[in-house]
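# Notes for the structure review
Here is what each chain is made of, one letter per residue.
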Amino acid sequence: MNRWKQYGGLAGLFAVCLAAGLWGFTSTGGALPWAKRSAQALQRGARDGGGALIDLSRGVLVAGPIRKGGMMLEFLGIVILLVGFGIGLYVYVSRSGRLDDSERTA
């Protein structure tokens, strides 16, 4: 395929996506509704107080819908799975593929 046809197609796709985004932004009222919600959330958080995510005396705080919805077991399973995957990946990389300086490509 011709390079200029690819660039033209990409530019056309970009223009269509930009126009669709601009139309959606203006049809929903722009950023004003989101700004109002963000301001309310920030003001409510400042009023209610905040705290650290990890506090050794309290443990790790979990989001309310997870905790209140009875999904702690599933959440713990995902955390254990991801930690296990991370450790496994670390062990795999540390045991295999140690490249010498002569084998590295520039």
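It should be emphasised that the depicted structure is a prediction, and the values quoted were computed from it without experimental measurement.

Helix and strand content of the protein: four helices and two strands. Counting from the amino terminus, helix and strand elements in the protein follow one another as α-α-β-β-α-α. Out of the 106 residues belonging to the protein, those deemed buried represent 3%. Carbon and sulfur atoms make up 67% of the accessible area of the protein, which totals about 9,800 Å².

Residues Met 72, Phe 75, Val 79, Val 83, Ile 87, Tyr 90 and Val 91 make up a contiguous nonpolar surface patch of about 620 Å² in total accessible area. Mapped onto the fold, Val 79 is located in helix α4 (residues 72–95).

Side chains of residues three or four places apart in an α-helix project in the same direction, reflecting 3.6 residues per turn. Taking 1.5 Å per residue as the helical rise, helix α1 (residues 3–27) with its 25 residues ought to reach 36 Å, and the 36 Å between its terminal C-alpha atoms agrees with that figure. The first or second residue beyond α1 is Gly 29, which carries a positive phi of 95°.

It is worth spelling out the UniProt feature "transmembrane region" (unreviewed entry) in the protein at this point. What UniProt calls "transmembrane region" (unreviewed entry) maps, in this numbering, to residues 75–93. This span, residues 75–93, is 100% helix and 0% strand, and a straight line between its end C-alpha atoms measures 27 Å.

With that settled, consider the packing of aromatic side chains. In total, this model carries one aromatic pair according to the counting rule given. Ring geometry for Trp 4 and Tyr 7: centres 5.5 Å apart, planes at 75°, overall edge-to-face. Of the two residues, Trp 4 and Tyr 7 are both situated in helix α1; the distance of three residues between them amounts to about one turn of the helix. Assessed through its relative accessible area of 45%, Tyr 7 is described here as partly exposed.

Parameters and conventions
- Residues numbered from 1 in each chain as written.
- Predicted model: local features only at pLDDT ≥ 70, side-chain atom pairs only at ≥ 80, totals over all residues.
- Heavy atoms only, no water.
- Helix = DSSP H or I, 4+ residues; strand = E, 2+ residues; numbered from the N terminus.
- Buried < 20%, exposed > 50% of the residue type's maximum accessible area, 1.4 Å probe, protein only.
- Areas by Shrake-Rupley, 256 points an atom, 1.4 Å probe, with all protein chains shown as cover.
- Patch = residues over 30% accessible without salt bridge, like charges linked within 9 Å, V, L, I, M, F, W, Y side chains within 5 Å.
- Salt bridge = Lys/Arg side-chain N within 4 Å of Asp/Glu carboxyl O.
- Expected span 1.5 Å × (residues − 1).
- UniProt positions renumbered as here; feature names shortened; annotations may be inferred.
- Phe/Tyr/Trp six-rings, centres within 6.5 Å; stacked < 30°, edge-to-face > 60°.

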